[in-house]
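The residues making up each chain are set out below.
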Amino acid sequence: MYEIYHPPFTTELTDFEDTVITVEKQGSDLVYKRTFQGEKETELVLLNNDGNILINPIEPVNLPRKLTSFLLVEFKRPALIRPGDRKKIYLTFPVEIGVFITDKAGNHEVIDIFTFSRVKFTLYGSHNNGLICRHWVSDVYSTEPHTDLLHEGYIELEIINDSNHMMEVTQAVFNAYGMKIYYGDKRLGMKASMRIINKLLAETDFSTYPTTSRFKRSMELYTSRKLIINGTKGIMEFGI
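A few points on the structure. The model shown is predicted, which means the values in this text are computed figures rather than measured ones. (Residues numbered from 1 in each chain as written. Predicted model: local features only at pLDDT ≥ 70, side-chain atom pairs only at ≥ 80, totals over all residues. Heavy atoms only, no water.)

**Remarks on the overall build of the chain**
Along the chain, the regular secondary structure elements total one helix and 19 strands. In terms of overall size, the chain behaves like a compact globule, its C-alpha atoms giving a radius of gyration of 19 Å where 240 residues would be expected to give roughly 18 Å. The dimensions of the chain, computed from C-alpha atoms along their principal axes, are 65 × 35 × 35 Å. The buried share of the chain, taken over its 240 residues, is 50%. Residue pairs in contact within the chain that sit at least 24 positions apart in sequence constitute 71% of those at least 6 positions apart. As displayed, the chain has an accessible area near 12,200 Å², and 47% of this comes from carbon and sulfur atoms. Mean positive and mean negative side-chain charge positions of the chain (28 and 31 charges, respectively) differ by 6 Å. (Helix = DSSP H or I, 4+ residues; strand = E, 2+ residues; numbered from the N terminus. Rg over C-alpha atoms; globule rule 2.2 N^0.38 Å. Buried < 20%, exposed > 50% of the residue type's maximum accessible area, 1.4 Å probe, protein only. Contact = heavy atoms within 4.5 Å. Areas by Shrake-Rupley, 256 points an atom, 1.4 Å probe, with all protein chains shown as cover. Lys, Arg positive; Asp, Glu negative; His and termini not counted. Charge placed at Lys NZ, Arg CZ, Asp CG, Glu CD.)

This is how it looks when you write it as structure tokens:
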């Protein structure tokens, strides 16, 4: 379902046949509709527009509205790593789906965002200067987990312990402005790293390379909006 569509079209989301996206031509305009269980959720008239429609996964921090750019993944089981060691693990993350309209120059504008994953927020750090984060709970895997690409993807996370202590890792905080999501026919994923500096401080970042060469790179929402990005790393200064 993640691909470019040429209007007019109707697509039923895989395994969610009661969720339907329809784009119809109305003179020189386009009419976009998304329905769920037969009930209309979104309808837009795209005036004087004959562009194509791109549907793909985006950074999972946009719903129900833009509150934060941070995603906190809580581990179901703590992971221990020895001093000076590095280890690759896998986590899951929630999926949000973006619908973009494209023009002849190749520019993209988002017109709809939705998700089939639960949306929850949490506070990382203190009430005075902590971070509001999209919250997600994941098990810790040693190999790529099987995921439903409409609900969740996986993060290939390399943990580097630069401290002099055995460290227990219970969570990871990621900055969505650095996310590079790649997707295939059945799965989607990202590559990231966590560098542990001491017992309270760690830094996360994302790789620009896919987890497999067969994956396509997703359109990043912050790129399409042409935002000025001050930083893409996640600084974990309130514990790991």
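**Concerning the side chain of D205**
Inspection of the secondary structure puts D205 in strand β17 (residues 202–206). Here D205 occupies a buried position and makes no salt bridge, while the nearest side chain of opposite charge, K233, is found at 4.5 Å. What D205 contacts, discounting residues up to four positions off in sequence, is A192, S193, T232 and K233. (Salt bridge = Lys/Arg side-chain N within 4 Å of Asp/Glu carboxyl O.)

**Let's talk about the sheet that holds strand β9 (residues 96–102)**
Read across the sheet, four strands follow the order β1-β6-β9-β10 without closing on themselves; strand pairing throughout is antiparallel. Because the sheet does not close on itself, it has two edges, and the strands there are β1 (3–5) and β10 (108–114). Averaged over all pairs of adjacent strands, the angle between strand axes in this sheet comes to 30°, irrespective of strand direction. Relative to strand β6 (residues 53–58), β1 is paired through three bridges, and the arrangement is antiparallel. (Pairing = 2+ DSSP bridges. Axes fitted to C-alpha atoms, helices over the stretch in contact; angles between N-to-C directions.)

**Observations concerning the environment of Y182**
Residue placement: Y182 occurs in strand β15 (residues 182–183). Measuring from C-alpha to C-alpha, the distance between Y182 and D29 comes to 32 Å, with 153 residues separating the pair along the chain.

**Here's the deal with the side chain of D29**
Within the secondary structure layout, D29 lies in strand β4 (residues 29–36). For the buried D29, no salt bridge is present, and the opposite-charge side chain at shortest range is K25, 12 Å distant. A distance of 3.5 Å separates the side chain of D29 from the side chain of S28, its partner in a polar contact. What D29 contacts, discounting residues up to four positions off in sequence, is E24, V45, L46, L47, N48 and N49. (Polar contact = N/O pair within 3.5 Å; in protein donor to acceptor, adjacent residues only side chain to side chain.)

**A word on the pairing of β10**
The buried count for β10 comes to five of seven residues, which makes it a mostly enclosed element. Direction of pairing for β9 relative to β10: antiparallel, over a ladder of six bridges. Across the sheet, the residue bridging to T102 is H108, located in β10. Between β9 and β10, which follow one another and run antiparallel, lie five residues, and G106 among them has a positive phi close to 90°.

**A short note on the sheet that holds strand β14 (residues 167–175)**
With mixed pairing, four strands are arranged side by side in an open sheet as β11-β12-β7-β14. In the strand order of this sheet, the two ends are held by β11 (121–124) and β14, each with one partner. Within the sheet, the average angular offset between the axes of one strand and its neighbour, ignoring direction, is 45°. Direction of pairing for strand β7 (residues 70–81) relative to strand β12 (residues 131–138): parallel, over a ladder of five bridges. In the sheet register, E74 faces β12, and the bridge partner there is V137.

**Focus: a nonpolar patch on the surface**
A cluster of nonpolar side chains, contributed by L67, L123 and I132, occupies part of the molecular surface with about 240 Å² of accessible area. Summarising the element assignment, L67 is placed in the loop between β6 and β7. (Patch = residues over 30% accessible without salt bridge, like charges linked within 9 Å, V, L, I, M, F, W, Y side chains within 5 Å.)

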